[in-house]
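Breakdown of the fold
Each chain is listed here by its residues.
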Amino acid sequence: MVPNPSKKILFVCLGNICRSPLAQGVFQHRLMQQGGDFSRVALDSAGTVAYHIGKSPDPRACSAARASGFDIANQRARQVSISDFDYFDEIFAMDRANRAALLKLADPISQNKIRLVMSLLDPSAPFFDRDVPDPYYGDSDGFTEVVSMLDQAAAAWIASLSPSVGN
Ligand code: 4NP
């Protein structure tokens, strides 16, 4: 819990057990490395479907996180709720399918808060605007790739924030 957050960010995938928990973890890791006001950014994640509500992240996601020096084991899956569109300042979807699902749920004003997480990259970057691939039915390499992609997005995002985030 971040008291009096300067900015509130939500990451969204399908099940909220693989990609969006990793996104929350990677971005949190980067924010903590920056320290100071960057620690006042509040991050959360959710899924567009209800399949895994209450579950821990996939063990392969937990392993990929640990291998990169952060821990996501305490996160629990939840589904996106309508109140999220009011509460969060920005909502980052992992792929086009989940962005479309969010756009259907959101009111027209909140739709402006929704974007692809990989759109944070510079347009010249190889992964710019790409979908973060769903690793659920693949092997552990897929999870490593997800972490690598999200870490690039997190680095670009941090670089774009002012040192006094939220001002
Ligand atoms: P996520 O991955 O959306 O990155 O959490 C998936 C998790 C579960 C399922 C699909 C994708 N599933 O079909 O249960």
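What comes next concerns the included structure. For clarity, every value in this text was computed on a predicted model and none was experimentally measured. (Residues numbered from 1 in each chain as written. Predicted model: local features only at pLDDT ≥ 70, side-chain atom pairs only at ≥ 80, totals over all residues. Heavy atoms only, no water.)

1. Remarks on the overall build of the protein
The helix and strand inventory of the protein stands at six helices and four strands. Mapped in sequence order, the helices and strands of the protein form the string β-α-β-α-α-β-α-α-β-α. Relative to a compact globule of 167 residues, whose C-alpha radius of gyration would be 15 Å, the protein shows 15 Å and is just as compact. Expressed along its principal axes, the backbone C-alpha trace of the protein runs to roughly 40 × 35 × 35 Å. (Helix = DSSP H or I, 4+ residues; strand = E, 2+ residues; numbered from the N terminus. Rg over C-alpha atoms; globule rule 2.2 N^0.38 Å.)

2. Looking at the nonpolar core
With 39 residues, the main nonpolar core has Phe11, Leu22, Phe27, Val117, Leu150 and Trp157 as its most contacted residues. Elements supplying a minimum of two residues to this core: β1 (7–13), α1 (19–34), β2 (41–47), α2 (59–67) and α6 (140–160). Broken down by element, the residue count for this core peaks at nine residues, all from α6. When residues no more than four places from it in sequence are discounted, the contact partners of Val117 are Phe11, Phe27, Phe92, Ala93, Met94, Val132, Leu150 and Ala153. Counting residues in each nonpolar core, the second largest holds 11 residues, with Val12, Ala46, Phe88 and Ile114 among its members. (Core = buried A, V, L, I, M, F, W, Y, C linked by side-chain atoms within 4.5 Å. Buried < 20%, exposed > 50% of the residue type's maximum accessible area, 1.4 Å probe, protein only. Contact = heavy atoms within 4.5 Å.)

3. Overview of the site of the ligand
Around the ligand lies a shell formed by Cys13, Leu14, Gly15, Asn16, Ile17, Cys18, Arg19, Tyr51, His52, Asp134, Tyr136 and Tyr137. The contact in question runs from an oxygen atom of the ligand to an N or O atom on the backbone of Gly15, over 2.9 Å. Between the ligand and the protein, one listed contact pairs an oxygen atom with a side-chain N or O atom of Asp134 at 3.4 Å. Expressed as a share of its isolated accessible area of 350 Å², the protein-covered part of the ligand is 93%. Classifying every residue of the shell around the ligand by side-chain character gives seven nonpolar, three polar and two charged. (Near = heavy atom within 4 Å. Polar contact = N/O pair within 3.5 Å; in protein donor to acceptor, adjacent residues only side chain to side chain. Areas by Shrake-Rupley, 256 points an atom, 1.4 Å probe, with all protein chains shown as cover. Nonpolar A, V, L, I, M, F, W, Y, C, P; charged D, E, K, R; others polar.)

4. A closer look at the environment of Pro135
Residue position: Pro135 is located in the loop between β4 (114–116) and α6. Of the residues examined, Pro135 reaches a relative accessible area of 4% and is grouped as buried. Residues within four places of Pro135 in sequence aside, it is in contact with Cys18, Arg19, Arg60, Gly142, Phe143 and Val146.

5. Quick look at the pattern of salt bridges
Applying the stated criterion to the full structure yields nine salt bridges. Two residues, Arg30 and Asp151, come together in a salt bridge whose shortest N-O distance is 2.9 Å. In this pair, Arg30 is assigned in helix α1 and Asp151 in helix α6, connecting sequence segments 121 residues apart. Put simply, Arg115 and Glu90 hold a salt bridge, and the shortest N to O gap is 3.9 Å. Linking Arg115 in strand β4 with Glu90 in strand β3 (residues 90–93), this pair joins segments that are 25 residues apart in sequence. In this structure, a network of salt bridges that share partners links the residues Lys7, Glu90 and Arg115. (Salt bridge = Lys/Arg side-chain N within 4 Å of Asp/Glu carboxyl O.)

6. Considerations on the sheet that holds β1
Across the sheet, which stays open at both edges, the four strands sit in the order β2-β1-β3-β4 with parallel pairing between neighbours. With one partner strand each, in any of the chains shown, β2 and β4 form the two edges of the open sheet. The average undirected angle you get between the axes of adjacent strands in this sheet is 25°. Of the pairings in the sheet, the one linking β3 to β4 comprises three bridges and is parallel in character. The residue bridging Ile91 from the neighbouring strand is Ile114, located in β4. Contacts from α1 reach β1 and β2 within the one sheet, and its direction differs from that of β2 by about 170°. Contacts from helix α4 (residues 96–105) reach β1, β3 and β4 within the one sheet, and its direction differs from that of β4 by about 175°. (Pairing = 2+ DSSP bridges. Axes fitted to C-alpha atoms, helices over the stretch in contact; angles between N-to-C directions.)

7. Digging into the pairing of β1
Across the seven residues that make up β1, a large majority, seven, are buried. Side-chain alternation along β1 places Lys7, Ile9, Phe11 and Cys13 on one buried face and Lys8, Leu10 and Val12 on a second face that is also buried. Handedness of the crossover is the feature at issue here: the chain leaves β1, passes through α1, returns alongside β2, and the resulting connection is right-handed. (Right-handed = clockwise from strand over helix to strand, strands pointing away.)

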